[in-house]
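The residues making up each chain are set out below.
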Amino acid sequence: MNEKKLRQDMCEIARLMYNQGLICGPAGNISAKLAANLYLLTPSMFFKQRLTPDQLIIVDEQGNKVGAQTSVNRDLQPTSETSMHIETYRNRPDVGAVVHAHPSSCVALSVAGKKIRPQVLTEAMLFLGDIAEADYKTPTTEDLAVEVGRLMRSHDCVVLPYHGVTVAGKDMWEAYAKLEVLEQTAEICMFVEQLGGEKPLAQAHVKEMLKLRDKWGLAKASDNNLLNA
């Protein structure tokens, strides 16, 4: 995908994230791999629903702004979570895009000490696999970047307690789709809790979903965690 199309899609996804209530205010950030060691990112402290393609920023693997700058992004800085995005790419060469958001149900479950269980939704088992939960780290820090990068080696979705989620995909649309499924799964988990608790799906059925996940080329080393939970 060329850079012009990437810029347009990133702005569209940013608006979708806002409209779906996955971010609010200037929160959230998105990145996409442009080329080897070059990444396109959303700017820091900017209302994502108002983004235009020429406001997006290119950085190198150290997080430095590079390339031609526009009159509207010259004074903007890349997202303060840049290191978290770059660390994900370093640990996952197959990843082409990363989205970070603050979906309410995901955050609420993490604050309550509850896990998001993909076993409550077949599509979640298929598309998300096991969902990692990071140890709490201060946002924007290198400690958080390292923690997320470590978990992304074997997961596509990482919950950041009291903070949000980070989701990786082969491209921006896949990463965004996973984000939507992740929040829906968290909502279902909350409803199940309110209804008195989960009636677990039989292990044989979970194994069938994992076989389908493997057949579709989605399997990760962490998938067996769904059988142990």
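Residues numbered from 1 in each chain as written. Predicted model: local features only at pLDDT ≥ 70, side-chain atom pairs only at ≥ 80, totals over all residues. Heavy atoms only, no water.

Colleague: Explain the nonpolar core here, please?
Modeller: Buried together is how nonpolar side chains tend to be arranged in soluble globular proteins. In this structure, Met 17, Ile 30, Ile 116, Met 172, Leu 179 and Leu 182 are the most contacted members of the largest nonpolar core, which totals 57 residues. For this core, the element with the most residues is helix 6 (residues 172–194), which contributes eight residues. When residues no more than four places from it in sequence are discounted, the contact partners of Met 172 are Leu 6, Asp 9, Met 10, Ile 13, Ile 30, Ser 31, Ala 32 and Ala 97. (Core = buried A, V, L, I, M, F, W, Y, C linked by side-chain atoms within 4.5 Å. Buried < 20%, exposed > 50% of the residue type's maximum accessible area, 1.4 Å probe, protein only. Helix = DSSP H or I, 4+ residues; strand = E, 2+ residues; numbered from the N terminus. Contact = heavy atoms within 4.5 Å.)

Colleague: Honestly, empty space enclosed by the protein in this entry has me stumped. Any pointers?
Modeller: Rolled over the atoms, a probe sized like a water molecule indicates the empty space that remains. The full count for this structure, using the stated rule, is one cavity of 30 Å³ or more. The computed volume of the largest cavity comes to approximately 40 Å³. The residue inventory of the lining of the largest cavity, partitioned by class, reads five nonpolar, two polar and two charged. (1 Å grid on protein atoms, 1.4 Å probe; cavity = no way out; pocket = protein on both sides within 12 Å on 5 of 7 lines; lining within 4 Å. Points joined across faces, edges and corners; volume = space filled by probe spheres on them. Nonpolar A, V, L, I, M, F, W, Y, C, P; charged D, E, K, R; others polar.)

Colleague: Can you walk me through helix 6 in this structure?
Modeller: For helix 6, which comprises 23 residues, the first-to-last C-alpha distance of 33 Å matches the rise-based estimate of 33 Å (1.5 Å per residue) to within 8%. For helix 6, every residue scored as buried is listed here: Met 172, Ala 175, Tyr 176, Lys 178, Leu 179, Val 181, Leu 182, Glu 183, Thr 185, Ala 186 and Cys 189. Capping of helix 6 at its N-terminal end is provided by Asp 171; its side-chain oxygen lies 3.1 Å from the backbone amide nitrogen of Trp 173. One or two steps after helix 6, the chain reaches Gly 196, where phi turns positive at roughly 110°. (Expected span 1.5 Å × (residues − 1). Polar contact = N/O pair within 3.5 Å; in protein donor to acceptor, adjacent residues only side chain to side chain.)

Colleague: How should the sheet that holds strand 4 (residues 97–101) be read in this particular structure?
Modeller: Paired through their backbone hydrogen bonds, the strands of a sheet run either parallel or antiparallel. Sheet architecture is open: seven strands sit in the order 3-2-1-4-7-6-5, paired in mixed fashion. Only two strands of the sheet have a single neighbouring strand rather than two, namely strand 3 (57–60) and strand 5 (132–133). Pairing of strand 6 (residues 157–160) with strand 7 (residues 164–169) involves four bridges; the strand directions are antiparallel. Bridging from a neighbouring strand, Val 158 pairs with Thr 166 of strand 7. Along the sheet face, helix 2 (residues 82–91) touches strand 1 (29–35), strand 2 (38–41), strand 3, strand 4, strand 6 and strand 7 and points at about 45° away from the line of strand 1. Along the sheet, helix 6 contacts strand 1, strand 4, strand 6 and strand 7; its crossing angle with strand 7, the most-contacted strand, is approximately 140°. (Pairing = 2+ DSSP bridges. Axes fitted to C-alpha atoms, helices over the stretch in contact; angles between N-to-C directions.)

Colleague: Explain the packing of aromatic side chains to me, please; I cannot follow it from the model alone.
Modeller: Two measures describe an aromatic ring pair: the distance that separates the ring centres and the angle between the ring planes. A complete count under the given rule lists three aromatic pairs for this structure. The interplanar angle of 15° and the centroid separation of 4.7 Å between the aromatic rings of Tyr 39 and Tyr 89 together place this pair among those described as stacked. You can see Tyr 39 sitting in strand 2 and its partner Tyr 89 sitting in helix 2, a full 50 residues away along the chain. Measuring from ring centre to ring centre gives 6.3 Å for Tyr 136 and Tyr 162, while their planes differ by 85°; the resulting arrangement is edge-to-face. (Phe/Tyr/Trp six-rings, centres within 6.5 Å; stacked < 30°, edge-to-face > 60°.)

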